[in-house]
Amino acid sequence: MYHYDDFDAQLVRERVAQFRDQVARRLDGSLTEEEFKPLRLMNGLYLQLHAYMLRVAIPYGTLNSRQMRQLAMISERWDRGYGHFTTRQNIQFNWPRLADVPDMLDALAEVEMHAIQSSGNCIRNVTSDPFAGVAADEIEDPRITAELLRQWSTLHPEFTFLGRKFKIAVSAARQDRAAIRVHDIGLEVRRDAAGNPGYRVLVGGGQGRTPMIAKELRAFLPRADLLAYLEAVLRVYNLMGRRDNKFKARIKILVHELGIERFGEMVESEFEALDRSEEVPVAAEFARIARHFAPPDYPPAEDEPEALDRALAAHSDFADWVARNGFAHREPGYLAVTVSLKPIGGAPGDVTAEQMRVLAEAAERFSLGELRVTHEQNIVLPHVRKSDLFALWHLLRGHGLDTANRGLITDIIACPGLDYCALATARSIPVAQAISERFADPARQREIGSLSIKISGCINACGHHHVGAIGILGLDRAGVESYQITLGGDPANEASLGERTGPGFPFEQVPEVVEQIVDTYLALRMPGEGFLQTYRRVGMTPFREALYAGAA
Amino acid sequence: MARAQHPVILTAQDLIEGDAVWWTGTGWSRNLAHALVYNDPAAADAAEARLAAEESRVVGVYRVEVDPAPVPRPILRREAIRADGRPSFAYRPQGAARRAA
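Source: prediction; values computed, not measured.

About the criteria used
Residues numbered from 1 in each chain as written. Chains lettered and ligands numbered in written order. Predicted model: local features only at pLDDT ≥ 70, side-chain atom pairs only at ≥ 80, totals over all residues. Heavy atoms only, no water. Salt bridge = Lys/Arg side-chain N within 4 Å of Asp/Glu carboxyl O. Helix = DSSP H or I, 4+ residues; strand = E, 2+ residues; numbered from the N terminus. Buried < 20%, exposed > 50% of the residue type's maximum accessible area, 1.4 Å probe, protein only. Domains from an automatic or database assignment. Contact = heavy atoms within 4.5 Å. Buried area = accessible area lost by both parts, 1.4 Å probe. Polar contact = N/O pair within 3.5 Å; in protein donor to acceptor, adjacent residues only side chain to side chain. Nonpolar A, V, L, I, M, F, W, Y, C, P; charged D, E, K, R; others polar. Pairing = 2+ DSSP bridges.

Please give an account of the pattern of salt bridges that cites residues and values.
Residue and element names in this part refer to chain A. Taken as a whole and judged by the stated rule, the model has 59 salt bridges over all chains. Residue Glu 188 is joined to Arg 200 by a salt bridge in which the shortest nitrogen-to-oxygen separation is 3.6 Å. Pair noted here: Glu 188 is in strand β8 (residues 185-191) and Arg 200 is in strand β9 (residues 197-203), with a separation of 12 residues, a long-range link. Owing to a relative accessible area of 15%, Glu 188 belongs among the buried residues under this scheme. Across the salt bridge formed by Glu 512 and Arg 438, the nearest N and O atoms sit 2.3 Å from each other. Of this pair, Glu 512 sits in helix α16 (residues 510-524) while Arg 438 sits in helix α14 (residues 429-438), placing them 74 residues apart in sequence. Judged by relative accessible area, Arg 438 falls into the partly exposed class, the value being 35%.

Structure, rendered in C-alpha cells:
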C-alpha cells in the first residue's frame, strides 16, 4: 500500500498546524462561524445534530493494522469508543469536541492519515474496488490510479472551490465493484488494441435528488492524458456549472443540460488548448506510485488444505461463513474475506474500538497487515491463507464479527439518518435494524439469496437507495416520517436507478412492506434467478399489486 | 409556510462541545427544562435575531416548536431526538467505552 514520502508527511503536518491555529482563532473569537465553517469543512469537520462529526479519509478504503489501531485509540481518547464506516469508504467519529480535533488530526498524521477534503466543494476521497489486487478479473490494481488522483487533487488550487462536491471512482475489473456509473467521474481501466493502458471515462453520474447514470465521455483515454483530461473536465464544470442553486450544481446537471455531445466538445476543446509544457509526466508518476502497490510476497499456501476441509465438514456455521463471505483470490491458496459489520439488529457500519483492534489483529496475523473498507460498509481482509480461515473465524467470532451475510438481505447499507445527521428527514438506522431483525433467520436469508437493501434518511441519498435492489428513502411528510420504496436499482455494470412503487409507508410498516416484496419475488422467480433478474423480467406490476392491494 | 401554532424555545449548539443548548432568558443551558418558552412570536423573533447577532459561544441559533407543559417537549421528531442528545436507538455497540464527559 502507499506510504507517505517526506512531502506528503510535511503537507499533512502543516495542514494540521494550520487548522490548529484556525480552531484557536475560532475559540478566541477572531473568526466568526461564517468564516470558520468552510475551513473546518475542508478538514472534514461537520456540526451535526448532537455534536461535531469528524470524517476521516481512508483513500480508496485501504488501511493497515497500525492505522486501524490508531482509529481505535482516537475513538476512545477523544470520542465515545466507536466509529462508523461510511458508503464513501471513510470513517466518521460522531462526538468530538472542537478543541480536541487538532490533536485527533495529529494522531491521524502519525499513521499517514488525514481528513483533508472529506467534505467541502472539492474533489473528495477517490473510491475504488475493495477487492483491488485480489480479483482475478482486474487488469491492474485500480488503487494506483486512485492514489495518483488523490495526490493530483489534494489542495489543487483551481479545484478547491468548485460549485459542488466532486466524486471520482476507479475500477480496473470487468465487474464494476466501485459503482463508477453513479459518480461524477467514473474511470474504468482499459487497454487499447495494442495493449496500451488507458481509461474509459464516464461523466455525470450521481445520486441525490436528481439521480443519473453516468454517460461515456471517452471510450479510451490514453494514460498519459489522464490528468490533463480530468483537468479539462473539471475546468469546464468549474466555469459552466450552476452556482445559483445548490441542488443543480453537480456536474450531472451540467452534462444533462448541455447534452453529453456538447459537453464532450467543450472538454475536448479545453483539453486541446491546455498548456502541458510543465505537466508532470503521468507515466513516471504512475510508475513511482505503482511500486507501492506491488503484489505482496505471499507466503506459500496450500490451495486445498486438508485441515480446512475437516473444519468445513465439522462446523456448518464456519462453512456458511466461508461460502458467503469468501471472495476468490487470484493467488492460489488464498481467499479474500468480508467481515460483515451488519450483525442482526446492529447499526450498519458501526464498530467499537475493541472490534477495531480485533480487526487490526486479524489483518496482522492473517491478511498480511492489510484491510479494506467497502462502500457497503463492511471490512475486507484481502489476503487470507485458506489454512488460516478457521483460526480467523474463531478470532472474529469472539467479538461479534462473524456474521455470514455478505450480499444478503440483512447486509443493509444505511446512512446515519435522523439519529445523527443535521440534514436528514427521517430515521435510517432503526429501519435497517427492524428489517434485519425481521429476516434474522440465516436459512431464510440464504433461501432469498443476494438482495441489496439501501436506506437513505433524506433525498441526498448517502445510503445509495437509488441503486438498491430495494431502495428505501425516508422523507418528512408534515412532521411524520414516510418511506418511499424503489425497486430495481443496480450500481454495477448494468447500472439502473430504482423505480418508485407508489405512495410511501409509515416507519412501522417498512419491514412488512419489505416482506411483501420478498414474498412476491420468491413466488415469481425462476430457478437460478436473482431479485434483479426477476424484477427486470416481470416488471413493477406484481410488486405494486402486492403492496397496494386494497388501497383506494 | 404558515406561522408556528405552537409556543417556541430558542436553541443553538455549544461552540466547543457541539451539543444542544437552550436559551433561558439570561443564558444558555444544557437543561431543556430551563428553556424560556415564548408564546409571543414577535418576542421570539426579536430574541432570535439578537442572539444570532451575538453568537460567540454558540453556533446556529434557531427556534423549536414545543409542547410547553410540564416541561418543554419538541413537537418534531428531529428536534425530540436532538433534545435527547443521543440517537433514538442503543447507539453504542456493546462494549464501547466512552470519553469522559
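Which residues make up the domain arrangement of chain A, and what are the values?
All names here are of chain A. Per the domain assignment, the segments of chain A are domain 1 (6-110), domain 2 (134-293), domain 3 (306-397) and domain 4 (413-548). Using C-alpha coordinates to define each centre, domain 1 is positioned 27 Å away from domain 2. Each side of the interface is counted separately: domain 1 has seven residues, and domain 2 has 10 residues. The largest share of the area that domain 1 buries against domain 2 comes from Met 42, Tyr 60 and Arg 88, three residues that together contribute 58% of it. Run the count over domain 1 and domain 2 and you get three residue pairs in polar contact (both at pLDDT 80 or more). Within the side of domain 1 that touches domain 2, the residues separate by chemical class into four nonpolar, one polar and two charged.

Would you mind going over the interface of chain B and chain A in detail, with residue names and values included?
Taken residue by residue, the interface counts 29 residues in chain B and 34 residues in chain A. Contact between chain B and chain A buries roughly 2700 Å² in total, counting both sides, with carbon and sulfur atoms accounting for 57%. Viewed at the interface, chain A and chain B are joined by two salt bridges. Note that Arg77(B) and Glu481(A) form a salt bridge whose closest N and O atoms lie 2.9 Å from each other. Viewed at the interface, chain A and chain B are joined by 10 residue pairs in polar contact (both at pLDDT 80 or more). Those elements that place two or more of their residues in the side of chain B that touches chain A are β1 (8-14), β4 (58-67) and α2 (77-84) of chain B. Taken together, the residues of the side of chain B that touches chain A break down into 12 nonpolar, six polar and 11 charged.

Provide a residue-level description of the pairing of strand β12 (residues 334-339) of chain A, including the pertinent values.
Residue and element names in this part refer to chain A. With six of its six residues buried, β12 lies for the most part within the structure. Relative to β12, strand β11 (residues 326-328) runs antiparallel, the two sharing three bridges. Bridging across to β12, Gly 326 finds its partner in Val 337.

How would you summarise the sheet that holds β8(A) if you had to cite specific residues and measurements?
The strands that make up a sheet pair up through hydrogen bonds in the backbone, lying either parallel or antiparallel. All names here are of chain A. Spatial ordering of the open sheet is given by β6-β7-β8-β9-β10, a layout of five strands whose pairing is mixed. What marks the edges here is a single partner per strand, and that holds for β6 (127-128) and β10 (215-222). In this structure, strand β7 (residues 168-171) lies alongside β8, joined through four bridges in parallel fashion. Counted as the bridge partner of Val 170 is Leu 187 from β8.

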